[in-house]
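# Tertiary structure, described
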Amino acid sequence: MNNASNLYLYQREGGYLPRVAAVHDLCGYGKCSLGIAIPVLSAAGIDVCPVPTSLFSAHTRFPKFYMHDTTPMLTEYLDAWREEGIELDGIYSGFLGSAEQVDAILRLYREYPKALRIVDPVMGDGGSKYPTYTDEMCEAMKGLVDGADVLTPNLTEASILTGIAYAGQDVDEVYIKDMMEALLGMGAKSVVLKGIVHEGESIIRNYVSVTGGEVEEVSSELLPYMLHGTGDLFASGLTAAIYAGESLLSAVEFAGSLVRHAMEITPEQPDYQVRGVSFESVLGDVTALLA
């Protein structure tokens, strides 16, 4: 049976650095998106090619932030890539600034049909959409599910994508199976469903499934605090491990371990509750993937 434990999506060859377009926003202050993706992927020997979807003064957890939507520049930005003959081995997308930016990602899919498609459908958490996300944007995001090699939603995002009602973070195996089957039925080739926490337990669970395979569970200790940017760190760590040649299940295990390690040292930093997860000191974990 084709399970996540025996699914390898990328084979590393010699000293070649795989080139991955990271389609995310960029924040001047706060730990998230390209601020996490660029260093984490680079530490795994990946040539990161950023496509900034928005520019923020700070992430949206801060009460005051400025956002600049880059949608008007993306056509010419990608035109220039095409004219230069740039090649890509992967397309890793996250936070988007507008519904129209889904079309920019679909364009990349058409122009780089052999590139891996890793989709982190960053739309919300805790049952609510992020403040910059409209219903139109959430609807447009469904267009990235079909054909995604790896889709990494949390329960809120999975609910938005499938239409299955959000039932909190403590859900049973039947709900998880139904959600995974719905996402795979929408065309995702594999799904990593993140952040399931049962009441009274100090464990956080992630579930992995591939088309035609079983649902597999990866769990780790739940720390007694939440941090901004952990979803981006998880998806970036997952992407790094995939391009280091790990199986999908091993990549999920690595991503969870990386997040936990970073979270453990974050409280030593000032304003960590708002600024977010301090991943810088654990980049050696990523580099070790290539050892």
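Presented here is a report on the structure given in the accompanying data block. Residue positions are counted from 1 within each chain, in the order its sequence is given. Selection of residues for local features in this predicted model requires a pLDDT of at least 70, selection of side-chain atom pairs for listing and counting requires 80 or more, and totals for whole chains, interfaces and linings are taken over all residues. For the side-chain quantities, the full set of heavy atoms in the structure was used; hydrogens and water were omitted.

## Considerations on the side chain of serine 236
By secondary structure assignment, the location of serine 236 is in helix α7 (residues 230-243). According to the relative accessible area criterion, serine 236 is buried, its value standing at 0%. Note on definitions: a residue-residue contact is assigned when non-hydrogen atoms from the two residues lie within 4.5 Å. Residues within four places of serine 236 in sequence aside, it is in contact with Ile36, Ala37, Val40, Leu41 and Tyr92. Helix and strand assignments come from DSSP, with helices taken as H or I runs of at least 4 residues and strands as E runs of at least 2, each series counted from the N terminus. Exposure is judged per residue with a 1.4 Å probe applied to protein chains only, and the accessible area is read against the type maximum: over 50% gives exposed, under 20% gives buried, and values in between give partly exposed.

## Here's the deal with the pattern of salt bridges
We define a salt bridge as a contact between a side-chain nitrogen of Lys or Arg and a carboxyl oxygen of Asp or Glu at a distance within 4 Å. One pass over the full model with this rule turns up 13 salt bridges. Arginine 107 serves as the salt-bridge partner of glutamate 111, at 2.9 Å between the closest nitrogen and oxygen. Taken together, the residues span about one helical turn, with glutamate 111 and arginine 107 both in helix α3 (residues 101-111) at a distance of 4 residues. Of the charged contacts, one joins glutamate 139 and lysine 142 as a salt bridge, the two residues approaching to 3.1 Å between their closest N and O atoms. With a relative accessible area of 48%, glutamate 139 lands in the partly exposed category. When salt bridges with common partners are traced through the structure, they connect Asp79, Arg82, Arg107 and Glu111 into a single cluster.

## With respect to the packing of aromatic side chains
Each Phe, Tyr or Trp ring (for Trp, its six-membered ring) is paired with any other whose centre lies within 6.5 Å, and the angle between the two planes then decides the class: stacked below 30 degrees, edge-to-face above 60, tilted in between. According to the stated counting rule, one finds 7 aromatic pairs in the structure shown. Here phenylalanine 56 and phenylalanine 65 contribute two aromatic rings whose centre-to-centre distance is 5.8 Å and whose plane-to-plane angle is 50 degrees, an arrangement assigned as tilted. Looking at phenylalanine 56, the relative accessible area reads 6%, which means it is buried. Accessibility expressed as a relative area gives 26% for phenylalanine 65, which makes it partly exposed. For the pair tyrosine 225 and tyrosine 272, a centre-to-centre distance of 6.4 Å together with 75 degrees between the ring planes defines the contact as edge-to-face. Of this pair, tyrosine 225 sits in the loop between β11 (216-221) and α7 while tyrosine 272 sits in helix α9 (residues 272-275); the two residues are 47 residues apart in sequence, bridging distant segments of the chain. These aromatic residues form a ring-pair network of at least three members: Phe56, Phe65, Phe95 and Tyr133.

Coordinates in, geometry out; function isn't part of it.
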